[in-house]
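Each chain, written out:
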Amino acid sequence: MIYEGKRKIWSDYQKEIPDDHYFYVRSCIRQSFFPASEAAFLNITRNILGRDVFETEHHTTCGGIAYHSDTIPQETVMTIVARQFALMHKHGYENYVCSCITSFGVYIETLETWRTFPELEAKIADNLRKTCNLEFAKPRFVVHASDLIYKLREEIAAKAKYKLVNAKTGEPLKVVEHIGCHYSKMFPSKGVGGAEYPYVLTGMIEAWGGEIVDYPERRHCCGFGFRQYFIKGNRGYSLSNTHKKFESMEPYEPDFIITNCPGCPYFLDRWQYVIAESEGKTYGKDGHGIPVLTYEEVAGLVLGFDPWDLGLQTHQVAVEPLLDKLGIPYDKEKKFLGAGGKDLGRPALPSCLKCM
Amino acid sequence: MGKLYDMLMQDYRLREGLNACINCGTCTAVCPAAEFYRYDPRRIVDVVQSQDDSKIEELLKGDVIWYCGECMSCVTRCPRKNGPGLVIMALRSLSIDLGYFIESEKGRQQYLLSKDLCGNVLNYGYCVYPREFDYKSHPEAGPVWEWEEKHLEDVFERLGANLDGDGPGAMRKIPDEDLAQLKRIFDITGATKRMESVREAGRKKAEELGLTEEEFCTLLYEQSSPRHLNGQ
Ligand code: SF4
Ligand code: SF4
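Residues numbered from 1 in each chain as written. Chains lettered and ligands numbered in written order. Predicted model: local features only at pLDDT ≥ 70, side-chain atom pairs only at ≥ 80, totals over all residues. Heavy atoms only, no water.

Let's shift gears to the layout of surface pockets. Where empty space is left can be seen by rolling a probe of water-molecule size over the atoms. Space inside the largest pocket adds up to approximately 720 Å³. Around the largest pocket sit 27 residues that line it, and D116(B), E132(B), D134(B), S137(B) and Y221(B) are the ones nearest its centre. Contributing elements (two or more residues each) for the lining of the largest pocket: α9 (110-124) and α14 (213-222) of chain B. With nine residues, α9(B) is the largest single contributor of residues to the lining of the largest pocket. Of the residues that constitute the lining of the largest pocket, the class distribution is twelve nonpolar, six polar and nine charged. Estimated volume of the second largest pocket: approximately 600 Å³. What lines the second largest pocket is a set of 24 residues, and nearest its centre among them are P73(A), D11(B), S93(B), D97(B) and R194(B). (1 Å grid on protein atoms, 1.4 Å probe; cavity = no way out; pocket = protein on both sides within 12 Å on 5 of 7 lines; lining within 4 Å. Points joined across faces, edges and corners; volume = space filled by probe spheres on them. Helix = DSSP H or I, 4+ residues; strand = E, 2+ residues; numbered from the N terminus. Nonpolar A, V, L, I, M, F, W, Y, C, P; charged D, E, K, R; others polar.)

Residue and element names in this part refer to chain B. One can read the domain layout of chain B as domain 1 (3-98) and domain 2 (107-228). The centre of domain 1, based on its C-alpha atoms, is set 27 Å off from the matching centre of domain 2. The interface is formed by nine residues belonging to domain 1 together with six residues belonging to domain 2. Of the roughly 740 Å² buried between domain 1 and domain 2 on both sides combined, carbon and sulfur atoms contribute 47%. Interface area lost by domain 1 to domain 2 is led by D63, W66 and I96, which between them contribute 59%. Linking domain 1 with domain 2 are one salt bridge. A salt bridge links R227 to D63; the nearest nitrogen and oxygen atoms lie 3.0 Å apart. With three residues, the single largest contributor to the side of domain 1 that touches domain 2 is helix α8 (residues 84-97). (Domains from an automatic or database assignment. Contact = heavy atoms within 4.5 Å. Buried area = accessible area lost by both parts, 1.4 Å probe. Salt bridge = Lys/Arg side-chain N within 4 Å of Asp/Glu carboxyl O.)

Take helix α5 (residues 74-90) of chain A next. Residue and element names in this part refer to chain A. For α5, which comprises 17 residues, the first-to-last C-alpha distance of 24 Å matches the rise-based estimate of 24 Å (1.5 Å per residue) to within 8%. With respect to burial, α5 is a largely interior element, 15 of its 17 residues being buried. Just downstream of α5, G92 is the residue with a positive phi angle, here 85 degrees. (Expected span 1.5 Å × (residues − 1). Buried < 20%, exposed > 50% of the residue type's maximum accessible area, 1.4 Å probe, protein only.)

This next bit is on the pairing of strand β1 (residues 22-25) of chain A. Residue and element names in this part refer to chain A. Covered by surrounding structure in β1 are Y22 and Y24 together with F23 and V25, the residues of both alternating faces. Bridge count between β1 and strand β2 (residues 53-54): two bridges; the pairing is parallel. Note that in β2 the partner of Y22 across the bridge is V53. Pairing of β1 with strand β3 (residues 95-98) involves three bridges; the strand directions are parallel. (Pairing = 2+ DSSP bridges.)

Our next topic: the interface of chain A and chain B. Chain A puts 93 residues into the contact, and the matching count from chain B is 86 residues. Taking both sides of the interface into account, the surface hidden between chain A and chain B amounts to around 7,700 Å²; carbon and sulfur atoms contribute 60%. Counting the surface chain A buries against chain B, the share from its top three residues, D70(A), R227(A) and Y237(A), is 9%. Put simply, chain A and chain B have eight salt bridges between them. In this structure, E222(B) engages K232(A) in a salt bridge whose closest nitrogen and oxygen atoms are separated by 3.9 Å. Counting every contact that joins chain A to chain B gives 50 residue pairs in polar contact (both at pLDDT 80 or more). Here the residues of the side of chain A that touches chain B sort into 37 nonpolar, 35 polar and 21 charged. (Polar contact = N/O pair within 3.5 Å; in protein donor to acceptor, adjacent residues only side chain to side chain.)

Right, here's the structure in full:
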């Protein structure tokens, strides 16, 4: 009955996601920590599913992290946003897809604020003309890159080499989903499934054979908190929020976590390492952690990409136990090699968190 | 109606984030900051709603407004469609504009945040740039980042990125003409002015404390008084 209730909520929050022809903008954090995820997104949408996803080198940060760290005024971030939209228009696109959740929130907030205060929109258009000499334009659709993968999830399932099931038992894997706060907490109608029961990642997991597990702190923030992570003296805030989530999900024994925000997988991965090293506590089996994956990484694994092409070697929590469960082959000798097989040595091993 | 309240009402985020608070405390119940810090977003919204300038001034000069993580969890749940997180953003901006931020331990961290984040935006076109994210300052990034930092070009090449390269791709070099546009945007929209006033206030504070800039930055980065924490 609860599930039926959620279905009803999900059907109330179905946003329109165009099928094709997108202008793509990258994420500062995803490029820094998960660059292979963005490469996988473009490979899947363009080459495997034949969609038109355009990128220009002239786009920049949206300024969202600086804005949410209160270092730049709202007018600044809005003018940077207007510049990104103008580049989209200049290249003949009207569908805008972004890799970052902080950006997604900033884009939606900007468009909604312009709608309420047209005089502000006029001011920003004037700023844009004076600073960049670009024509002001607004997208018809703004979606997050996870929305597009959600839209294409059945096409991905049709081409899948692996399902999210235990290769030995045939049981669906148990998956925890973590949605970035700025995806739909501010504007629930702009996210697939709304803010309380977002469906964007759940839809992917269900289409690819896994099973979502619910847990009490499912909607709790990962703890990034912008200034609360960047300043070392504040970092306890970030750690304690991640800790709260892991304590809450532990009894449900998830096989892995899927995320749509670029920051969350970094925090949920690295704070597991810190908890293990400082408290001796690990949340996976036999001293391992729980692998935390981006949705692009999950889609890539399902489609049969090599795990090391997806950058899974740059996670601190080892992914091998998950790959073994899925029956996905990997060459452990190649894990830390550079391009062309170049020897880059290996990272040191943590003392508590089991990494091999 | 107070003068500070009038100034706050100039901020679009306050106009969007404050309707009528009924003091229900739902925001505080869901707030991740309220669990960690001695922080109560309900009270902040109530103070602003009271329009009492002396209480607002206390907020602007104190640590409390800097505890929020801007996650916006409160926005979803508020039964009156308020946005305590948006109210906080407006308070923080005013605190910076009036130079009050420098008076509190948490507020003056803006000096470092402004230097690092605005520096990254203007120098590279990114808020976060991997060459400025060092393992020494981020030991929590783990030995895997220590390894990656040592082999950054090789790892980025292996992962199909375009670190500092021409043309599109992950972590490409943003062309100079685009960086120049970002700088002009900063100049015309008040970001440069904000950076300069934060820098000036920080410089004066460092002098007052008898610290060099480097010592001041270290203090800002590491200092954390237990009095901020819940349950202390
Ligand atoms: S935005 Fe700030 S006040 Fe609101 S829930 Fe998040 S941390 Fe708390
Ligand atoms: S949830 Fe809304 S109405 Fe309730 S105390 Fe917070 S701001 Fe006021």
